[in-house]
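# Understanding the architecture of this molecule
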Amino acid sequence: MNPWPVVIADLRALRWVAWAAPLLVAIAVALGVAISAQETALRRSSAQAADDFDLLIGAPGSHTQLVLTTVYLQPEAIPLVDGAILNALAGDERVRAAAPIAFGDSVRGHPVIGTTAEFAARWGRAVPSEGRLFARESEAVVGAEVGLRLGETVTPSHGVATRRPAGTDGEDEARHRHEGVRYTVVGRLPRFGTPWDGAILVPIESVWETHGLGNGHATEDARLGPPFDAARVPGVPAIVVKPRAVADAYGLRAQYRQGGTVAFFPAEVLVGLYTALGDVRDVLVVATTLNDVLVFTATTMLLLALAGLRRRRYAVLRALGASRSYILMSVWLGAALILAAGCLSGLVLGGLAAWVVGQLVEQRTGLVLAVAIGWPEVLGALGLVVVGSLMALLPAVASFRTPVGDSLR
Amino acid sequence: MPASGAAEPAVRRPPLLAITDLVVERSEASRPSRRILDQVTFVVEPGAVIALTGPSGAGKTTLLHAVAGLVSPDAGTVSWGDLDVTALPEAGRDRWRRDSVGLVFQDFQLLAELGVIENILLPVRFDHWRMPRAAVERAEQLATRVGLDPRGPRAGMLSRGEQQRLAIARALMRSPQLILADEPTASLDADNSARIADLLIETTREAAASILLVSHDDDLLGRAGRVHRLEGGGMRPELRPELQHERGVP
């Protein structure tokens, strides 16, 4: 038997409903897929962004805020930690490397981050894709997404302004410009897929000097980076520490949790955020599941009603010689096609929606969300296809059971 | 009996269709059971054209449905040669109907969304996944025979007369030996009625099939070899028995 001509005729007869019903199902499925894919991508990307921030030390305050400010470059005024700790860390055998992070200035909306060349190169993991790392106070290396050319000279402004196209300054920036301070772009970092791609990295010494705090060294012409002069080193918002071993990391964290500082692993904060995110996700999953149930039920009811309206049509097919199983197959196939088309379109639509949201998040935060439809989403959609196929049996069985004689009257 | 619609119509004599003491009752909720057909007995001789007429509600359509095996009678038998159709299980009746019976409805009952050739081929789809080439050729011949373009538009785009011609072609697709036609000209104008009546009788005769039809159309009744009147569920004496001699119907 070949039910396709009847299925095609039935779908054609549905006209706009044949498009509207799968679209409704697709939207319902897409919501679940988008939430799942987006949440997965957010977890993965945010964790990756924190990869090089093994241990953070800062002044007492919100751990979350310190992570948001240092890892994700979400601007916020945070208290400073004593710069002398930098020297203590430099002499600590448990520390492979430590770098200060200072911010507060911007160029065309790009944050200017003061740090060491070592951390700019992510502890040696990254090599500039163009040019080189900064070697003087007046030099800067830019993130992959910064629209400045090598050799271009810029003046930072105090505070953070909206990101602007290269060559344009906002009024805020013009008013708060640090006149006399100039950075020449000497290198460009590779793409990390983090907010740091939109940052301008300069020597920590230049940030201190720009704000009238000296350069942190005993002499004006000292070479960049640690060790700093214990008597002159100013405070910094945060210090990133790369411990030698896991045990060292825990030891350092315990030590710097007292004495006017906080120390923690960004992963701890992320785990807390993921827990909250997971709770929100759970609520959304319940909501989208209910949504799916409602839409699937409504669509099945619609198909059931349609099968009822087509009683005579199917009875005529029986009269022409079609078996009951032929009718069952035709009605089931038509209904299952509508529901399956909705589920599979929903998978694509959900992936597309997650990608769009990912683009918006990247635009706003610089965090690249590697949105991908994974097995959980595919299996979820396939599960819904199975559920839809089972629900499609309802109108099929209803048509199967309808007495032909009654329907032909 | 052909196994599929692919076969060319062979010249063969259909078996005798015998309806014996047929009783069909209809029970509806909150109403007592009503006898629609009350011991109806008659035969359709091989190759005969038999018409049924009678007032609305007399049971004419129910009789056609019972003959086609679409309604299970409460008593009596429908025999097709040596085969007791009423004794067959539902799947057996489906098979018998598919292989031996062609149905023509008053309101055509085409799939409006399918084209001419797809509608004619529909009865072959019930037991073939891939359409045999011979079946397609036969469908094209039938479409041409009833005056339609095989590549014609969707059935819903055809005129009423064309739709009924298409329905006749569909009924003949599997070379049935019995055509059951329920008011085949009732929804057509006079011109179309006459043309469809001619076509139905001619094509059925070409196929050497018997016809049992229900009609109030005098023109169509006039072409029947015998006309029975159903009234109150029972068969009344045959009308115009003289026609039997004139038309040489046994």
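Residues numbered from 1 in each chain as written. Chains lettered and ligands numbered in written order. Predicted model: local features only at pLDDT ≥ 70, side-chain atom pairs only at ≥ 80, totals over all residues. Heavy atoms only, no water.

## Quick word on the UniProt feature "domain: ABC3 transporter permease C-terminal" (unreviewed entry) in chain A
- When the UniProt feature table is mapped onto this chain, "domain: ABC3 transporter permease C-terminal" (unreviewed entry) is found at residues 296-401 of chain A.
- Annotated as residues 296-401 of chain A, this span is 86% helix and 0% strand, and its ends, taken at the C-alpha atoms, are 23 Å apart. (UniProt positions renumbered as here; feature names shortened; annotations may be inferred. Helix = DSSP H or I, 4+ residues; strand = E, 2+ residues; numbered from the N terminus.)

## Here's the deal with the pattern of salt bridges
- For the structure shown, the criterion picks out 35 salt bridges over all chains.
- Where Glu 45 of chain B meets Arg 226 of chain B, a salt bridge forms, and the shortest distance between an N and an O atom there is 2.9 Å. Taken together, the residues Glu 45 of chain B in the loop between β2 (31-44) and β3 (49-53) and Arg 226 of chain B in strand β9 (residues 226-231) connect sequence positions 181 residues apart. For the pair Glu 45 of chain B and Arg 226 of chain B, one class covers both residues: buried.
- One salt bridge connects Glu 206 of chain B with Arg 145 of chain B, and the closest N-O pair in it is separated by 2.8 Å. In this pair, Glu 206 of chain B sits in helix α6 (residues 190-206) while Arg 145 of chain B sits in helix α4 (residues 133-145), placing the two residues 61 residues apart along the sequence.
- Residue classification places Glu 206 of chain B among the partly exposed positions, given a relative accessible area of 49%.
- When salt bridges that share partners are traced, they join Arg 318 and Arg 324 of chain A together with Glu 90, Asp 94 and Arg 97 of chain B into one network. (Salt bridge = Lys/Arg side-chain N within 4 Å of Asp/Glu carboxyl O. Buried < 20%, exposed > 50% of the residue type's maximum accessible area, 1.4 Å probe, protein only.)

## Describing helix α13 (residues 393-401) of chain A
Residues and elements named next belong to chain A.
- Here α13 has its buried residues at Pro 395, Ala 396 and Ser 399. Buried positions in α13, seen along its axis, are confined to an arc of 100° and lie on one side of it.
- Buried residues along α13 sit against α9 (266-309), α10 (311-319), α11 (324-365) and α12 (375-391). (Arc of directions from axis to C-beta. Contact = heavy atoms within 4.5 Å.)

## Thoughts on the interface of chain A and chain B
- Contacts between the two partners involve 25 residues from chain A and, on the opposite side, 26 residues from chain B.
- Across the chain A to chain B interface the summed buried area is about 2400 Å²; carbon plus sulfur atoms make up 59%.
- Linking chain A with chain B are 5 salt bridges.
- Salt-bridge contacts for Glu 113 of chain B lead to Arg 313 of chain A; the nearest nitrogen and oxygen are separated by 2.8 Å.
- For the pair chain A and chain B, the number of links is 11 residue pairs in polar contact (both at pLDDT 80 or more).
- Looking at the side of chain A that touches chain B, the elements that each hand over two or more residues are α1 (4-14), α10, α11 and α14 (404-408) of chain A. (Buried area = accessible area lost by both parts, 1.4 Å probe. Polar contact = N/O pair within 3.5 Å; in protein donor to acceptor, adjacent residues only side chain to side chain.)

## Quick look at the environment of Val 285 of chain A
All names here are of chain A.
- For Val 285, the location among the structural elements is in helix α9.
- For Val 285, a relative accessible area of 36% corresponds to the partly exposed category.
- A C-alpha to C-alpha distance of 54 Å links Val 285 and Arg 232, two positions 53 residues apart in sequence.

## Topic: the nonpolar core
All names here are of chain B.
- Counting 52 residues, the largest nonpolar core has Ile 19, Val 40, Phe 42, Leu 63, Leu 180 and Leu 212 as its most contacted members.
- Excluding its chain neighbours within four sequence positions, the residues that come into contact with Leu 180 are Leu 64, Val 67, Ala 68, Val 101, Gly 102, Leu 103, Val 104 and Leu 212.
- Residues Leu 158, Leu 166, Leu 172 and Ile 211 belong to the second largest nonpolar core, which totals 43 residues. (Core = buried A, V, L, I, M, F, W, Y, C linked by side-chain atoms within 4.5 Å.)

## Considerations on a nonpolar patch on the surface
All names here are of chain A.
- A grouping of Leu 23, Ile 27, Leu 349, Leu 352, Trp 355, Val 356 and Leu 360 is seen on the molecular surface, where their side chains present a nonpolar patch of about 650 Å² in accessible area.
- Contributing elements (two or more residues each) for the nonpolar patch: α2 (17-49) and α11.
- The element contributing the most residues to the nonpolar patch is α11, with 5 residues.
- As for its position among the elements, Leu 349 is in helix α11.
- Since its relative accessible area comes to 35%, Leu 349 is described here as partly exposed. (Patch = residues over 30% accessible without salt bridge, like charges linked within 9 Å, V, L, I, M, F, W, Y side chains within 5 Å. Areas by Shrake-Rupley, 256 points an atom, 1.4 Å probe, with all protein chains shown as cover.)

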